[in-house]
Amino acid sequence: MEKRLMRIGVSLPGELLDKFDKTLMKRGYSSRSEGIRDAIRTYNQYYEWMQQIKGSRTATISIVYDCSKKGVTSTLAEIQHEYMDMINSSIHFHMEGNLCFEVIILKGEGEQIVDLAQRILSIKGVKHSRLITVPEEKKE
């Protein structure tokens, strides 16, 4: 593996950067760069894990989103309607201010579940999304 370091520039909201810096201090990182490298490794591992999800699964997708962002609520609804054959239930409630929390419970093929999760995560206004899957137990 190549050890050459690359320099990048990233634009972030001040509040997000301040929170990141505080987290780095609490966790004992020596620099922002080290924290960013660790965050990128974690992001890549999660993506690789998602690519291994195959076969029949039961799953939840939890989402935190800003319902005041134009189009986020309608886009979420449109995408979920495309996957109605897999979605068994969903729970939605307002956390605080404009933040909403939603949990989607579904059952279907792993690849389709991952596709749905990735589409949801890419919506502007979605602040957090987490996929949890359980493979179907094989009957003996």
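You'll find the structure just up there.
Procedures and definitions
Residues numbered from 1 in each chain as written. Predicted model: local features only at pLDDT ≥ 70, side-chain atom pairs only at ≥ 80, totals over all residues. Heavy atoms only, no water. Phe/Tyr/Trp six-rings, centres within 6.5 Å; stacked < 30°, edge-to-face > 60°. Buried < 20%, exposed > 50% of the residue type's maximum accessible area, 1.4 Å probe, protein only. Lys NZ or Arg CZ within 6 Å of the ring centre and 35° of its normal. Pairing = 2+ DSSP bridges. Helix = DSSP H or I, 4+ residues; strand = E, 2+ residues; numbered from the N terminus. Axes fitted to C-alpha atoms, helices over the stretch in contact; angles between N-to-C directions. Contact = heavy atoms within 4.5 Å. Polar contact = N/O pair within 3.5 Å; in protein donor to acceptor, adjacent residues only side chain to side chain.

Trainee: For the packing of aromatic side chains, give the residues involved together with the corresponding values.
Mentor: What the rule picks out here adds up to two aromatic pairs. Relative to Phe101, the ring of Phe93 lies with its centre 5.4 Å away and its plane at 55°, an arrangement referred to as tilted. Look at Phe93 and you get partly exposed, because its relative accessible area is 42%. In this structure, Arg130 packs its charged tip against the face of Tyr46, placed 4.7 Å from the ring centre.

Trainee: Provide a residue-level description of the sheet that holds strand S4 (residues 126-135), including the pertinent values.
Mentor: Taken in spatial order, the four strands of this open sheet run S2-S3-S1-S4, and their pairing is antiparallel. Of all strands in the sheet, those with a lone pairing partner are strand S2 (87-96) and S4, marking the two edges. Across the sheet, the mean angle separating the axes of adjacent strands is 15° when strand polarity is ignored. By the bridge criterion, nine bridges tie strand S1 (residues 56-66) to S4 in an arrangement that is antiparallel.

Trainee: Before we move on, could you go through the environment of Gln80 and cite the residues and values that matter?
Mentor: By the element assignment, Gln80 lies in helix H3 (residues 72-82). Taking the C-alpha atoms as reference points, Gln80 and Ile104, 24 residues apart in sequence, are found 9.1 Å from one another. Filtering out sequence-adjacent residues up to four positions away, Gln80 remains in contact with Ile87, Ser90, Glu102 and Ile104. Within the local environment of Gln80, its side chain forms a polar contact with the side chain of Glu102, the two groups lying 3.0 Å apart.

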